[in-house]
Amino acid sequence: MSQPPRNLVLKNLSDNLRQERSQAASESKERCSLHSEKLRLFCENDQKLICVVCRDAKQHKKHNCVPINEAAEEHRTKVKIELMHLKRKLGSFKREKLKCDEMANHIKLQAQNTEKAIRSEFQKLYQFLRAEEAGRIDAVRKEATLKSETMNLRIVNLTAEISSLRDKIKTIEGEVKAGDMPFMMNIRSTIQRSQCKLSEPVTPSGALIDEAKHLGNLLFSVWKKMMAIIHYTPVVLDPNTCCRNFTVSEHLTSLTPSSKPQSFPYNPERDYDSVFGHEGFTSGKHSWDVELSGYWSVGVRAKITKNHMTVKKWGIYVCVCTGVLREIIPGSDSKQASDNCPPQKVRVQLDYDQGILSFFDLGRKMPVYTIRYRFTEKLFPYFHEKAKILPAELSVTIKQLK
């Protein structure tokens, strides 16, 4: 038969045999391998199950032995506590995985947006270079057309003069070959014709295309002209430090409050109420101009630590309650920085080595406040509320090599 019927009697017999073997194996595990007695005690010292005979033996005689049910209850409590720690750690790892998932998705979005921005910026450069190339080629062609027309006109004039002279020479040569009587009869007119009143032809200067004007320092000239469309800011904002309540512009030069919290992933560099500059300072002199509005705050601060409450920052801010300008210094109470109304454009100047942080009102052209402090940490520019970093003026200096 291809499919014989199941033998229920044989099946039951097999199941009973398997069950008996399992019970026998279980009973053998519950008995002492040395004395074949049932295991009833637990040795706390050796952390193993023993029988009553083992307890009285020399190996366990001085050990702390307790009934299995008591030991099981005590160790079950310990294991439950450890299990709670494991579950808590599992929750931490799950939360961290969620953060990493958010960061992975945000990395993809950042890559797309960054690539798009790069293409957009280079497209502007391409358009400028194409327009500059077309303009310069057009200038060459216009000069070539003008000088070609001038040269062609001169060629036509010279050709006409050459033809006139050739005819005159031929006529005079014919008269010279004539006999003496005919020659002398027309001598007066022959002499007049033989006298050329045309001045000697002079090759005009500047007739060729001025290649040096079009090709000399070409890349430098284009680069210098390109400065008109290029802006440089001494400070660039770092979007990875931006608070969820603010938005950084596409060119990373301005900060604006957002109508709703941004869906940024959590990362250790992110601040809770401001945004950092991308580059930090450990020495030297640095300066940047910023346009502000609202209840703003500017200055420098140390790198974020795990405990945001211990962040060190130095700067000035507009108090929400009073609207006056106050200072920020680590470890000291805030005090009023100026009696005047808060400025709208501020120049921040940092002399790290001398420990001087000063603020200058660009609108009134007067100093606002100066902080003196011995800096020891890496400092980053920081901004709060609506702020826009103003571009610096660019210039080209040409130096002669000695």
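Okay, so let's go over this structure. (Residues numbered from 1 in each chain as written. Predicted model: local features only at pLDDT ≥ 70, side-chain atom pairs only at ≥ 80, totals over all residues. Heavy atoms only, no water.)

1. Looking at the overall build of the protein chain
- Of regular secondary structure, the protein chain possesses seven helices and 14 strands.
- For the C-alpha atoms alone, the extent of the protein chain along its principal axes is close to 170 × 95 × 45 Å.
- The long-range share in the protein chain, meaning contacts at least 24 apart out of those at least 6 apart in sequence, stands at 59%.
- Roughly 29700 Å² of accessible area belongs to the protein chain as shown, and the carbon and sulfur atoms make up 56% of that amount.
- Taken as two groups, the 65 positive and 47 negative side-chain charges of the protein chain have centres that lie 3 Å from each other. (Helix = DSSP H or I, 4+ residues; strand = E, 2+ residues; numbered from the N terminus. Contact = heavy atoms within 4.5 Å. Areas by Shrake-Rupley, 256 points an atom, 1.4 Å probe, with all protein chains shown as cover. Lys, Arg positive; Asp, Glu negative; His and termini not counted. Charge placed at Lys NZ, Arg CZ, Asp CG, Glu CD.)

2. A few points about the pairing of strand S11 (residues 345–351)
- Across seven bridges, the pairing between strand S7 (residues 285–302) and S11 is antiparallel. When the bridges of S11 are listed, Lys285 appears paired with Asp351. (Pairing = 2+ DSSP bridges.)

3. Structural notes on the pairing of strand S13 (residues 366–372)
- One ladder, built from six bridges, connects strand S12 (residues 356–361) with S13; its direction is antiparallel. Across the sheet, Phe360 pairs through a bridge with Pro367, a residue of S13.
- Hairpin connection from S12 to S13: four residues lie between these consecutive antiparallel strands, with Lys365 at a positive phi of about 55 degrees.

4. Considering the packing of aromatic side chains
- For the structure shown, the criterion picks out eight aromatic pairs.
- Ring geometry for Phe122 against Tyr126: centres 6.1 Å apart, planes inclined by 45 degrees, an arrangement best described as tilted. Here Tyr126 and Phe122 lie together in helix H3 (residues 68–177), a separation of four residues that amounts to about one turn.
- Classification of Phe122 by relative accessible area gives partly exposed; the value is 41%.
- Among the aromatic residues, those joined into a ring-pair cluster are Trp314, Tyr352, Tyr373 and Phe375. (Phe/Tyr/Trp six-rings, centres within 6.5 Å; stacked < 30°, edge-to-face > 60°. Buried < 20%, exposed > 50% of the residue type's maximum accessible area, 1.4 Å probe, protein only.)

5. A closer look at empty space enclosed by the protein
- Using the criterion set out here, one finds one cavity of 30 Å³ or more in the structure.
- As a volume, the largest cavity reaches approximately 60 Å³.
- Around the largest cavity, the lining residues are Ser338, Asn340, Cys341, Pro343, Asp361, Arg364, Met366, Pro367 and Val368.
- Per-element tally for the lining of the largest cavity: the top contributor is S13, with three residues.
- Of the residues contributing to the lining of the largest cavity, the split by class is five nonpolar, two polar and two charged. (1 Å grid on protein atoms, 1.4 Å probe; cavity = no way out; pocket = protein on both sides within 12 Å on 5 of 7 lines; lining within 4 Å. Points joined across faces, edges and corners; volume = space filled by probe spheres on them. Nonpolar A, V, L, I, M, F, W, Y, C, P; charged D, E, K, R; others polar.)

6. Structural notes on the pattern of salt bridges
- Counted by the stated rule, this structure contains 18 salt bridges.
- Linking Lys124 and Glu121 is a salt bridge whose minimum nitrogen-to-oxygen distance equals 3.5 Å. Of the two residues, Lys124 and Glu121 are both situated in helix H3; the distance of three residues between them amounts to about one turn of the helix.
- Taking relative accessible area as the criterion, Lys124 reaches 42% and is therefore assigned partly exposed.
- Take Glu121: its relative accessible area is 31%, and that puts it in the partly exposed class. (Salt bridge = Lys/Arg side-chain N within 4 Å of Asp/Glu carboxyl O.)

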